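# Tertiary structure, described
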Amino acid sequence: MPHRMHLMVCAGTGCVANRSPEVRDALVTEIAKRGLENEIQVVTTGCNGFCGAGPLMVVQPDGIFYQQLSPKDVPHLVEEHFLKGRPVQKLMYVPPETRTPLPKMMDIPFFSRQRLIALRNRGLIDPERIEEYIARDGYAALAKALSQMTPQQILEEVKISGLRGRGGAGFPTGAKWEHVLKAEGEPKYVICNGDEGDPGAFMDRSIVESDPHSVIEGMLIGARAIGARWGVVYIRNEYPLAVQRLMIALEQAREYGLLGDNILDTGFDFDISVSRGAGAFVCGEATALVSAVEGRPGEPRARPPRLAQHGLWGKPTCLNNVETWADVPPIINNGGAWYAQIGTEKSKGTKVFSLVGKINNTGLVEVPMGITLREIIYDIGGGVPGGKKFKAVQTGGPSGGCIPNELIDLPIDFESLAEAGSMMGSGGMVIMDEDTCMVDVARYFLAFTQDESCGKCAPCREGTQLMLDILTRITDGHGTMEDLDALEEVAKVVAETSLCGLGTSAPNPVLTTMRYFRDEYLAHIGAHKCPAHVCRQLNTYRIDPAICVERGHGCGVCRRECPEKAIFGEKNQAHRVDATLCNKCGTCVDVCHFNAVIVE
Amino acid sequence: MQLETVDRIIQQHHADKTALIAMLQDVQSEFTYLPQEALVYLSRTIEVPLSRAYSLATFYRAFSLKPKGRYSIAVCMGTACHVKAAVKILEKFERLLHIKTGQTTPDLNFGLEEVRCLGCCGLAPVVTVGPDLYGKVMLPKVDQIVKQYQKQGARDAKT
Amino acid sequence: MPKLKLEDLAEVREKARKATSLREGAARVKMTVHMGTCGIAAGARKIVEAALREVEQGDLRDVMVTTSGCAGLCSREPMATVEVVGEAPVKYVDLTEAKVKAIFKEHILGGKIVEQYALAIGSERAY
């Protein structure tokens, strides 16, 4: 029978001088002692050549190289590697060229600048196993709230923490809970708003997917504080994985008696049902969401009365966003004062941002309030890719605005963003570079809000359409200076007179881009040019004949891809664009491997 | 039209009137759209006015009153995808499938639509075909995707 | 499963901690594949399958493959964290099946971090 393993012990001069025969003897003895002599063969070899590190041994067939062995290493080595199959790291050789130690996570700014509270368990636990959440102090805050605190004390801690709603508006969470607690009417409800609709924001999806119990525990604590028996999680159906993990988490919590009757044997009853969204951005608005949960079209209504007085089924209702609920357990565990030392004077704690667009490190980051945009974009985000110039960051989704490079040292909190004309929103941060056209961005968001406007109130229904028409005219090159004034005027009316937050904030992308990037609007109107070459109707396309022939050999990919068949040319010859046929789609630019298509 | 399927869905939701949206969601995912017979049957069975079912069916984006394609292609138009030129991806699908966004091919093989943010902005631009997700989609990839599902459709048709 | 009482919670926590800390458990190495929507879209399922194949083929009884949610750095998905008992966790990024094979051979079995595929060692700061 062949041996399964061969130990090639060096017996060259150097190794022998380093007592390699003693090592070999120790190996033979140890192998015999364990009855492995039929499986493992000890072979003495000639000089390996790497004499400085002897005694040396190479283990075959896997080729593991051990160095500086001594007889006392042998029992451990035989046990670990030859018996159990785990090579012994400390006896191995580390080549100098790879010795550059890996950076520690805390040496990498992407990680070191973050402080995880809402995302505290991300990547650390299996979201489908409640035990792993419990292992990381999960449900300890609930136990504390139920056994050691009165509802009033829970409320006090949340108030002391200074926590404000993470969904966008930043209403103080403690004050909201107090309104519900004091409101007349039974039963009371808690709702988790997981209708994350802002394009470019996905922190709520991530929290529910990676740590659903943190949201459930937060809702339990909130329910205890305000005296609610039932809760609802309203979640986007476009997030199937989040829905599935939430369902599993709820079931496990019920099995453990953390939901249902007599929770943790304390006499507290509470349970949660799930309502899946059917695709309407306006349902992120609290009154519209309640309407959707009740099974009606998600149209908002005028406030007051607030949800705290007149919410789900007309009863007092406490609605918070996913991230807000996930922040509650650590606040109860560590105390409100602990949370309040993080952040700025009026914006406490941390906030999760999704960093997307023209940025090197795309991802989800949780940082203390008050951090500057520069730190987020450059230290954490790693800057703009491809050596391009940073132009602006869009925060707050369709309700927010664009913040220019001049304000990059702005410390981020609810107030500073509002002063800059934008808003915190749910925490989407879309980074834009010199290739992004700010007028196009404004038009993009207006197209979004116009499409999502529910149509109930006239300012939003008609005003967003009017603004979109004007912006489309400008990006098509037919805008006038009067359009610019009209745009501003309509924007102000829509902001002041719309029924709900969707309408009142819809003009923000327009107003901020007009404030900080007026020159781009003027270029579109006056010179009929789009400086970033994004607005295609204002571009002209031509092919540089020299590049096309010399580098591309007239490859013809543009001719084949052109949807209007507006490009002509033969193989190995220069191609050209027929301007009368060109519909300015820009496909030729994208498909050319040689950058031969020039946009002007 | 299999009304038993609608019946099963109604039972799953205990014929609860307030769960009408959830029932419509289930009908939609069974049939790829809300067939008129299903809406009529559903509203009669759980005793809500048909107008309510229609008001929900036309308010929410997730519902369709027309059949959707076997392979529903959705191009994400979220902000991150927008700044990475997702509109060109959409236009290429329109050209290859000879339909406009929101339409279905005459053979009911493909439907094409734009969707709001799918929340995987790190992979922008993003396209989904039914449950399959494709990230960092470049123009040549669009041809591949269409071809792949055309083949799959032909295979499925045979079996 | 019996419903928990207040005093039971600590017990469950202790038990679960032991299982997750690896040290008292049987596992010497834990590989956590990050399976958020973006991870899955980027191919995390294939990574899990590849890892399980390695465990099966090598009959590795002391290696545990588990999954977790999004790790936050979406542009480098698929990602996995490899934790060897007594050593700092290592985050691997942009994984492929071939890279998983190499990580098993060199890091999980060989004890040597595959630096060219790794992003960092250590863990993030949670409050």
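For every chain, the first residue of the written sequence is number 1, and numbering continues from 1 along that sequence. By the order in which they are written, chains take letters starting at A while ligands take numbers starting at 1. Note on the predicted model: pLDDT of at least 70 is required for a residue's local features to be given, and 80 or more for side-chain atom pairs to be given and counted; whole-chain, interface and lining totals, by contrast, use all residues.

### As for the overall build of chain B
A tally of helices and strands in chain B yields seven helices and four strands. Listed by position from the N terminus, the elements making up chain B come as α-α-α-α-β-α-α-β-β-β-α. Based on the C-alpha atoms only, the size of chain B along its principal axes is roughly 50 × 40 × 25 Å. Three exposure classes are used, based on other C-beta atoms lying within 10 Å of a residue's own C-beta, which is placed from the backbone: buried for 20 or more, exposed for 12 or fewer, and partly exposed in between. Within the span of chain B, comprising 159 residues, buried residues form 40% of the whole. Residues are treated as contacting if the C-beta atoms built from their backbones sit within 7 Å of each other. Taking the intrachain contacts of chain B between residues at least 6 apart in sequence as the baseline, contacts between residues at least 24 apart amount to 60%. Each helix is a run of DSSP H or I of at least 4 residues and each strand a run of E of at least 2, with the numbering of both proceeding from the N terminus.

### Structural notes on the overall build of chain C
In terms of regular secondary structure, chain C is built from four helices and five strands. Mapped in sequence order, the helices and strands of chain C form the string α-β-α-α-β-β-β-α-β. Going through the 127 residues of chain C one by one, you find that 49% of them count as buried. Considering only residue pairs separated by 6 or more positions, chain C has 64% of its internal contacts joining residues 24 or more positions apart.

### Things to note about the interface of chain C and chain A
How big an interface is tends to be reported as the loss of accessible area on association of its parts. In this assembly, 42 residues from chain C lie in contact with 52 residues from chain A. Looking at the side of chain C that touches chain A, the elements with two or more residues in it are α1 (6-21), β1 (29-34), β2 (63-68) and β5 (118-121) of chain C. Residues of the side of chain C that touches chain A, tallied by class, amount to 17 nonpolar, 16 polar and nine charged. Gly is placed with the polar residues, together with every amino acid not listed as nonpolar (Ala, Val, Leu, Ile, Met, Phe, Trp, Tyr, Cys and Pro) or charged (Asp, Glu, Lys and Arg).

### Some details on the interface of chain B and chain C
Contact with chain B, which involves six residues of that partner, is made by seven residues of chain C. When the residues that make up the side of chain B that touches chain C are grouped by side-chain class, the tally is three nonpolar, three polar and no charged.

### Describing helix α11 (residues 240-255) of chain A
Residues and elements named next belong to chain A. With 16 residues, α11 extends 23 Å between its outermost C-alpha atoms, agreeing within 8% with the 22 Å of an ideal straight helix rising 1.5 Å per residue. All of the buried residues along α11 are A242, V243, R245, L246, A249, L250, Q252 and A253. Positive backbone phi, at 75 degrees, marks G257, one or two positions downstream of α11. Between the first and last residue of a helix there are one fewer steps than residues, each counted as 1.5 Å, and that sum is the expected span.

### Describing the domain arrangement of chain B
For chain B, the domain assignment lists domain 1 (3-59) and domain 2 (71-158). Distance between the C-alpha centres of domain 1 of chain B and domain 2 of chain B: 29 Å. Reported domain spans reflect what an automatic or database domain assignment gives.

### A look at helix α7 (residues 139-158) of chain B
All names here are of chain B. Its 20 residues give α7 an end-to-end C-alpha distance of 30 Å, which sits within 8% of 28 Å, the value for a rise of 1.5 Å per residue. Residues of α7 that are buried: V142, I145 and Y149. One side of α7 holds all its buried residues, which, seen down the axis, span an arc of 65 degrees. Summarising the geometry of α7, the exposed residues directed more than 90 degrees from the buried face are P140, D143, Q144, K147, K151, A154, R155 and K158. Packing partners of the buried residues in α7 comprise β1 (71-76), α6 (86-97), β3 (127-129) and β4 (132-134). What the arc describes is the spread of directions from the helix axis to the C-beta atoms.

### Some thoughts on the packing of helix α1 (residues 3-12) of chain B against helix α2 (residues 20-31) of chain B
Two quantities define a packed helix pair, namely the angle between the axes and the distance from one axis to the other. Residues and elements named next belong to chain B. An axis is simply a line fitted to the C-alpha atoms; with a helix, the fit covers only the stretch in contact. Between two such axes, the angle follows the N-to-C directions and lies from 0 to 180 degrees. Packing of α1 against α2 leaves a shortest axis separation of 10 Å and a crossing angle of 145 degrees. Here the hand of the crossing between α1 and α2 comes out right-handed. Residues T5, V6, I9 and I10 of α1 form the contact with α2, whose own contacting residues are M23, D26, V27 and E30. The class makeup of the residues in the contact of α1 with α2 is five nonpolar, one polar and two charged. Handedness of a helix crossing follows the sense of rotation of the near helix relative to the far helix, less than a right angle counterclockwise being left-handed and clockwise being right-handed.

### A short note on the nonpolar core
Residues enter a nonpolar core if they are buried, belong to Ala, Val, Leu, Ile, Met, Phe, Trp, Tyr or Cys, and are joined to the set through C-beta atoms within 7 Å. With 235 residues, the main nonpolar core has I376(A) and V75(B) as its most contacted residues. With sequence-adjacent residues up to four places away left out, V75(B) is seen in contact with A86(B), I89(B), L90(B), F93(B), E114(B) and V127(B). Counting residues in each nonpolar core, the second largest holds 17 residues, with L7(A), V23(A), L27(A) and L91(A) among its members.

### Let's talk about the sheet that holds β5(C)
All names here are of chain C. Pairing between strands requires that DSSP locate at least two bridges from one strand to the other. Strands sit in the order β2-β1-β3-β4-β5 across an open sheet of five strands; the sheet is mixed. Strands at the two margins of the open sheet, each flanked by one partner only, are β2 and β5. When strand polarity is set aside, the average angle formed by the axes of neighbouring strands in this sheet is 20 degrees. Relative to strand β3 (residues 80-84), β1 is paired through five bridges, and the arrangement is antiparallel. Each residue of the ladder has a partner; that of T32, found in β3, is T81.

### Focus on the confidence of the model for chain C
Caution applies to low-pLDDT regions: their predicted coordinates should not be interpreted in detail. Per-residue pLDDT for chain C averages 85, and the proportion of residues at 70 or more is 91%. Per-residue confidence from the predictor is given as pLDDT, running between 0 and 100. When mean pLDDT is compared element by element in chain C, helix α4 (residues 97-109) of chain C scores highest at 94, while α1(C) scores lowest at 81.

### Focus: the environment of S55(B)
Residue and element names in this part refer to chain B. Note on placement: S55 falls in helix α4 (residues 50-59). C-beta crowding within 10 Å serves as the criterion here: with 13 such atoms nearby, S55 is assigned to the partly exposed category. In the structure, S55 is positioned 19 residues away from Q36 in sequence and 13 Å away in space, judged by C-alpha atoms.

### Some details on the environment of M429(A)
Topologically, M429(A) is positioned in strand β14 (residues 428-433). In the structure, M429(A) is positioned 27 residues away from C402(A) in sequence and 9.7 Å away in space, judged by C-alpha atoms.

### Quick notes on the sheet that holds strand β9 (residues 317-321) of chain A
Residue and element names in this part refer to chain A. Here five strands make up an open sheet; going across it, the order is β7-β8-β6-β5-β9 and the pairing mixed. Because the sheet does not close on itself, it has two edges, and the strands there are β7 (260-263) and β9. Put simply, the sheet's adjacent strands are angled 25 degrees from each other on average, direction ignored. Contacting β5 (188-194), β6 (228-235), β8 (268-276) and β9, helix α12 (residues 286-293) runs over the sheet at an angle of about 100 degrees to β6.

### Some remarks on the pairing of strand β13 (residues 401-404) of chain A
Residue and element names in this part refer to chain A. Pairing between strand β12 (residues 390-395) and β13: four bridges, direction antiparallel. Of the residues in β13, the one forming a bridge with T395 is G401. The antiparallel hairpin formed by β12 and β13 contains five residues in its connecting segment, where G396 sits at a positive phi of about 85 degrees.

### Here we look at the packing of α6(B) against α7(B)
All names here are of chain B. Their axes nearest at 10 Å, the elements α6 and α7 cross at an angle of 40 degrees. Judged on the interaxial angle alone, α7 and α6 are oblique. In the packing of α6 onto α7, the handedness of the crossing is right-handed. Contacts between α6 and α7 involve K88, I89, K92, F93, L96 and L97 from the former and L139, V142, D143 and V146 from the latter. Residues belonging to the contact of α6 with α7 are distributed by class as follows: seven nonpolar, no polar and three charged. These descriptions rest on fixed angle ranges, namely under 35 degrees for roughly parallel, over 145 for roughly antiparallel, 65 to 115 for roughly perpendicular, and the rest for oblique.

### Quick word on unusual backbone geometry
With omega at -5 degrees, the peptide bond leading from R303(A) into P304(A) counts as cis. In this structure, P304(A) sits in the loop between α12 and β9. Across the junction of E77(C) and P78(C), the peptide omega takes the value -5 degrees, indicating a cis bond. You will see that D59(C), though not glycine, has its phi angle at about 50 degrees, which is positive. When you line up the elements, D59(C) lands in the loop between α3 (44-57) and β2. You can call D59(C) exposed: it has 7 C-beta atoms within 10 Å.

### Focus: the environment of F568(A)
All names here are of chain A. With respect to the helices and strands, F568 occurs in strand β16 (residues 567-568). In sequence terms F568 and G295 are 273 residues apart; their C-alpha atoms lie 57 Å from each other. Excluding anything up to four places from it in sequence, F568 contacts H575, R576 and D578.

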